[in-house]
Protein chains: 2
Amino acid sequence: MSDKIPLNEKILSENDRLAAIIRRQLDKSRIVALNLVSSPGSGKTSLLEKTLVGLKGRLNFALIAGDVQTQNDADRLIKAGGKIVRPIITGGACHLDARMITRVLEDLSLDNFDLLFIENVGNLVCPSSYDLGEDMKVVIISTTEGDDKPLKYPAMFRRSSAMVINKIDLMGLSDFDLNRVKENALRINGNLTIFETSCRTGEGLKGWYEWLERLVALKKGRD
Amino acid sequence: MSDKIPLNEKILSENDRLAAIIRRQLDKSRIVALNLVSSPGSGKTSLLEKTLVGLKGRLNFALIAGDVQTQNDADRLIKAGGKIVRPIITGGACHLDARMITRVLEDLSLDNFDLLFIENVGNLVCPSSYDLGEDMKVVIISTTEGDDKPLKYPAMFRRSSAMVINKIDLMGLSDFDLNRVKENALRINGNLTIFETSCRTGEGLKGWYEWLERLVALKKGRD
């Protein structure tokens, strides 16, 4: 037996232990937590910028913006009206882990918001393996990345509950096929909730906002 | 002292040992090896498809196509005229490592080609840490990903020798600024050779082809 496997398992189970604690805290405070995962540049930050404006006065958000370097994303979210924004600079690490989230949550009052967005590092592989205590992972894919991505990175699509197909305004400019990407994604995970959006034109964002409001209402028990 | 760090170091130094052996083999056979790294969907495979056609009869290529799942990319490269094409399916792993390359090279006759392309897993973080015995890493970035990527994923741009800015035909459709991405990239790595290409329109590919021919000529000692 190699000694690599037990060590890896130990790291992951420690992560799962911390994630379970986070989940209990958020559940107790009835806060919805979404872990946003995607390739670099698919539009996670743009989607959050739009969401902050589109749901202003309706939902209170906390946002954690993970990045390998720079806190550009966090700065963008503050500029877009984010009141509770925390950057995590991983300093080279390719994913967020539950320990990083635990540290950030220690400083937040859980009474002040309804929904926690965790913007993960732009990486379609590694973040799929790390539970952050979220209710759901939401995978964002942009039309310029090609419609084969669900088949090539299946773990991320299998472990996500929703998929946002972003940059649909750029769709006619490549051989990206909207039906094919949905078919590919649903083949991996038949239960995906799918959104089609353009953060540039605003198309499709209404359905996304409504879904977020519904999630919050469900968790608060207002439905 | 944690026992995690030495293990990680051990894995990396074993990788470096194998990479050094690969490099010696390729140097001895005077084969240029380029490790293509990028986000998912930036156009690595498209660039290779074009290159196979554009340099047909001029250079002999071997291609290794790494992917988490599927051998779609390898199939595309064979269809585009690739004679020596080997898929590596990592089965979940987020990067290629030198051991995987070693195994593939065992079955290849190094007399049959001038240039080895290694198409890495689409991931702008992890592959930067793994030497595959290549002469150079070439990072591909597409205009739809945004001009901030060099600052957000600096290791990849620091360790690459060339940067291909792809999908320049889609540039007017976002706030992507060509000068800004170059400035950001050169701030991280002042020695980057930069190409601007569109695999869709063919723009800029000539300079890329010429550069490849020059690299081969240099290594073969024909210059």
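In short, a report on the structure. Throughout, residues of each chain are indexed from 1 in the direction in which the sequence is written. Going through the entries in the order they are written, you letter the chains from A and number the ligands from 1. Local features in this predicted model are restricted to residues whose pLDDT is 70 or higher, and side-chain atom pairs enter the listing and the counts only when it is 80 or higher, whereas totals over whole chains, interfaces and linings include all residues. To obtain the side-chain values, all non-hydrogen atoms of the structure were included, while hydrogens and water were left out.

**Quick look at the pattern of salt bridges**
Then, in step 1: Throughout this description, the term salt bridge denotes a Lys or Arg side-chain nitrogen within 4 Å of a carboxyl oxygen of Asp or Glu. Applying the stated rule across the entire model yields 38 salt bridges over all chains.
Then, in step 2: In this structure, Lys219 of chain B and Asp135 of chain B form a salt bridge, with 2.9 Å as the shortest nitrogen-oxygen distance. On the criterion of sequence distance, the pair formed by Lys219 of chain B in helix α8 (residues 205–220) and Asp135 of chain B in the loop between β4 (115–119) and β5 (136–142) is long-range, its members being 84 residues apart.
Then, in step 3: One network of salt bridges, in which partners are shared, links Asp67 and Asp73 of chain A together with Asp148, Lys149 and Lys152 of chain B. Every helix listed is a DSSP run of H or I at least four residues long, and every strand listed is a run of E at least two residues long, numbered separately from the N terminus.

**With respect to empty space enclosed by the protein**
Then, in step 1: Put simply, the grid is 1 Å and covers the protein atoms alone, a cavity is a trapped set of points that fit a 1.4 Å probe, a pocket is an open set with protein on both sides within 12 Å along at least five of seven lines, and lining residues have an atom within 4 Å of a point. Grid points are joined across faces, edges and corners, and a volume is the space filled by probe spheres set on the points. Applying the stated criterion across every chain yields a total of one cavity of 30 Å³ or more.
Then, in step 2: In this structure, the largest cavity encloses a volume near 50 Å³.
Then, in step 3: Forming the boundary of the largest cavity are 15 residues, of which Glu145 of chain A together with Pro40, Ser142, Thr144 and Glu145 of chain B lie nearest the centre.
Then, in step 4: Basically, the charged four are Asp, Glu, Lys and Arg, the nonpolar ten are Ala, Val, Leu, Ile, Met, Phe, Trp, Tyr, Cys and Pro, and anything else, Gly included, counts as polar. Along the lines of polarity and charge, the residues of the lining of the largest cavity split into two nonpolar, nine polar and four charged.

**Thoughts on unusual backbone geometry**
Negative phi values dominate among residues other than glycine, just as trans dominates among peptide bonds.
All names here are of chain B.
Then, in step 1: The phi angle at Arg30 is positive, at roughly 55°, despite the residue not being glycine.
Then, in step 2: Relative to the helices and strands, Arg30 is located in the loop between α1 (4–28) and β1 (32–38).
Then, in step 3: One non-glycine residue, Thr70, lies in the positive phi region at around 70°.
Then, in step 4: Structurally, Thr70 can be placed in the loop between β2 (61–67) and α3 (72–79).

**As for the relation of the copies chain B and chain A**
Then, in step 1: Overlaying chain B on chain A yields an RMSD of 0.0 Å, the required transformation being a rotation through 180° with an accompanying axial translation of 0.0 Å. Between the two chains, the operation in question is that of a two-fold axis. Superposition of the copies used a least-squares fit over C-alpha atoms from residues whose pLDDT is at least 70 in both.

**Topic: the interface of chain B and chain A**
Then, in step 1: Whether two residues touch is decided by their heavy atoms; if any such pair falls within 4.5 Å, the residues are in contact. Every contact between the two is made by 33 residues of chain B and, on the other side, 33 residues of chain A.
Then, in step 2: As a working definition, buried area equals the accessible area (1.4 Å probe) given up by two parts on being put together, with both sides summed. Both sides of the chain B and chain A interface together cover about 2700 Å² of buried area, and 62% of this is carbon and sulfur.
Then, in step 3: In this structure, the connection of chain B to chain A is made through four salt bridges.
Then, in step 4: In this structure, Lys152 of chain A engages Asp73 of chain B in a salt bridge whose closest nitrogen and oxygen atoms are separated by 2.7 Å.

**Overview of the nonpolar core**
Then, in step 1: Note on terminology: a nonpolar core comprises buried Ala, Val, Leu, Ile, Met, Phe, Trp, Tyr and Cys residues joined through side-chain atoms within 4.5 Å. Using a 1.4 Å probe on the protein chains alone, a residue whose accessible area is under 20% of its type maximum counts as buried, one over 50% counts as exposed, and one in between counts as partly exposed. Core analysis: the biggest nonpolar cluster contains 40 residues, and Phe157, Met163 and Ile165 of chain A together with Phe157, Met163 and Ile165 of chain B have the highest contact counts within it.
Then, in step 2: Looking at this core, the elements that each hand over two or more residues are β5 (136–142), α6 (154–158), β6 (162–166) and α7 (178–188) of chain A together with β5, α6 (154–158), β6 (162–166) and α7 (178–188) of chain B.
Then, in step 3: Ignoring any residue separated from it by four or fewer positions in sequence, one finds Phe157 of chain B in contact with Val139, Ile141, Lys149, Pro150, Met163, Ala185, Ile188, Asn189 and Leu192 of chain B.

**Section: the environment of Asp97 of chain B**
Residue and element names in this part refer to chain B.
Then, in step 1: Residue placement: Asp97 occurs in the loop between β3 (84–89) and α4 (98–106).
Then, in step 2: Among all residues touching Asp97, those that are not within four sequence positions of it are Asn15, Tyr130 and Leu132.
Then, in step 3: From its side chain, Asp97 meets the backbone nitrogen of Arg99 in a polar contact 3.1 Å long.
Then, in step 4: Here a polar contact is recorded for every N or O atom pair within 3.5 Å, except that within protein the pair must consist of a potential hydrogen donor and a potential acceptor, and residues adjacent in sequence are included only if both atoms are side-chain atoms. Within polar-contact distance, the side chain of Asp97 engages the backbone nitrogen of Met100 at 3.0 Å.

**Some details on the sheet that holds β2 of chain B**
Residues and elements named next belong to chain B.
Then, in step 1: DSSP bridges decide pairing: two strands pair if at least two such bridges lie between them. One open sheet holds the seven strands; their spatial order is β3-β2-β4-β1-β5-β6-β7, and the pairing between them is parallel. Either end of the sheet is taken by a strand with one partner, and the two such strands are β3 and β7 (193–196). If you compare each strand with its neighbour and ignore which way they point, the axes differ by 20° on average.
Then, in step 2: Relative to β4, β2 runs parallel, the two sharing five bridges. Looking at β4, one finds that Phe61 is bridged to Leu115.
Then, in step 3: Of the strands in this sheet, β2, β3 and β4 are in contact with α4, which crosses β3 at around 145°. Lines fitted to the C-alpha atoms define the axes, with helices restricted to the stretch that makes contact. Angles between their N-to-C directions range from 0 to 180 degrees.

**Quick look at the environment of Met100 of chain A**
Then, in step 1: Along the chain, Met100 of chain A falls in helix α4 (residues 98–106).
Then, in step 2: Placed ten residues apart in sequence, Met100 of chain A and Thr90 of chain A show a C-alpha to C-alpha distance of 8.7 Å.

**Overview of the sheet that holds strand β2 (residues 61–67) of chain A**
All names here are of chain A.
Then, in step 1: Spatial strand order, β3-β2-β4-β1-β5-β6-β7: seven strands in an open sheet with parallel pairing. Because the sheet does not close on itself, it has two edges, and the strands there are β3 (84–89) and β7 (193–196). Between one strand axis and the next, the sheet turns by 20° as a mean value, whatever way the strands run.
Then, in step 2: Alignment of strand β1 (residues 32–38) against strand β4 (residues 115–119), held across five bridges, turns out to be parallel. Paired with Leu36 across the bridge in β4 is Glu119.
Then, in step 3: Of the strands in this sheet, β1, β4, β5, β6 and β7 are in contact with helix α8 (residues 205–220), which crosses β1 at around 140°.

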